[in-house]
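What the coordinates show
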Amino acid sequence: MIAFTIRSRLDLLWNRKRLATLSEVIDIQTSGEAIKITLKGLSRVSMKKIIKYTYGEFEFINSQIIEPYDSLGDELRKKSQELIFLINVDESDKLIKLLNYIVDPAQMTDFISNYFIMDFRTRFRLYKEIDIRNRNQMLISELNILIHQMTKKRKK
């Protein structure tokens, strides 16, 4: 299944060259008239054509090869752990352990941005960035802003 983010109805009309995610359907649950579909993202793709909203043509986006233990991943992991300590919820230890299992920098940036960035425009800007290093740097700067805001609130 191809999934892409829609900000408004106009996004349905202009969908060429849009960034989307090739996804695998994990689970389907029905309750009354509602259907809940759980997806697992496999890779980023660029939409070429959508045919009657049921079929589409896409091309894979060449992903960069970055070493799993690159310094960017370490810095991102440290910043996210610092933010987790500031939030300090019951699941903090579990979340830190989960972060240690993610070694792919692209998956780590996607996970952290979806878990911590609540502002839709910022999250969408991070999602649209194809270059992993740029996305990583953008996410680190957003985490720095969040950490600064949290420490400012704590001092009050």
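What counts as what
Residues numbered from 1 in each chain as written. Predicted model: local features only at pLDDT ≥ 70, side-chain atom pairs only at ≥ 80, totals over all residues. Heavy atoms only, no water. Helix = DSSP H or I, 4+ residues; strand = E, 2+ residues; numbered from the N terminus. Buried < 20%, exposed > 50% of the residue type's maximum accessible area, 1.4 Å probe, protein only. Contact = heavy atoms within 4.5 Å. pLDDT = per-residue confidence, 0-100. Expected span 1.5 Å × (residues − 1). Polar contact = N/O pair within 3.5 Å; in protein donor to acceptor, adjacent residues only side chain to side chain. Pairing = 2+ DSSP bridges. Salt bridge = Lys/Arg side-chain N within 4 Å of Asp/Glu carboxyl O.

1. Considering the environment of Glu 129
One can find Glu 129 in the loop between helix H5 (120–128) and helix H6 (132–155). On the basis of relative accessible area, Glu 129 is assigned to the partly exposed category, the value being 21%. Residues Glu 129 and Leu 19 lie 110 residues apart in sequence; the distance between their C-alpha atoms is 9.3 Å. Contact partners of Glu 129, with chain neighbours within four places excluded, come to Arg 44, Asn 134, Arg 135 and Met 138.

2. What to know about the confidence of the model for the protein
Taken over all residues, the pLDDT of the protein has a mean of 83, while the share at 70 or more is 94%. Helix H1 (residues 10–13) is the least confidently modelled element of the protein, averaging 72 in pLDDT, while strand E2 (residues 19–31) averages 90, the highest of any element.

3. Thoughts on H6
Compared with an ideal rise of 1.5 Å per residue, which puts 24 residues at 34 Å, H6 spans 34 Å between its outermost C-alpha atoms and is within 8% of the ideal. Within the sequence span of H6, burial applies to Ile 132, Arg 135, Asn 136, Met 138, Leu 139, Ile 140, Glu 142, Leu 143 and Ile 147. Between the side-chain oxygen at the start of H6 and the backbone nitrogen of Arg 133 there is a gap of 3.2 Å, and the oxygen is on Asp 131.

4. Quick look at the sheet that holds strand E1 (residues 2–3)
Read across the open sheet, the four strands follow the order E1-E2-E3-E4; overall the sheet is antiparallel. Of all the strands in the sheet, the pair left with one neighbour each is E1 and strand E4 (55–60). Of the strand pairs in this sheet, E1 and E2 are connected by two bridges, and their pairing is antiparallel. Of the residues in E2, the one forming a bridge with Ala 3 is Thr 21.

5. Overview of H5
Those residues of H5 not exposed but buried are Thr 122, Phe 124, Leu 126 and Tyr 127. As for H5, its buried residues are in contact with E1, E2, strand E3 (34–51), helix H4 (105–116) and H6.

6. Some remarks on the pattern of salt bridges
Between side chains of opposite charge, a pair can form when the charged atoms approach closely. In total, this model carries six salt bridges according to the counting rule given. In this structure, the salt-bridge partner of Asp 110 is Arg 44, at a minimum N-O distance of 2.7 Å. Of this pair, Asp 110 sits in helix H4 while Arg 44 sits in strand E3, placing them 66 residues apart in sequence. One salt bridge connects Arg 135 with Asp 110, and the closest N-O pair in it is separated by 2.9 Å. On the criterion of sequence distance, the pair formed by Arg 135 in helix H6 and Asp 110 in helix H4 is long-range, its members being 25 residues apart. In this structure Asp 110 comes out as partly exposed when scored by relative accessible area, which is 25%. One salt-bridge network, in which partners are shared between bridges, spans Arg 44, Asp 110 and Arg 135.

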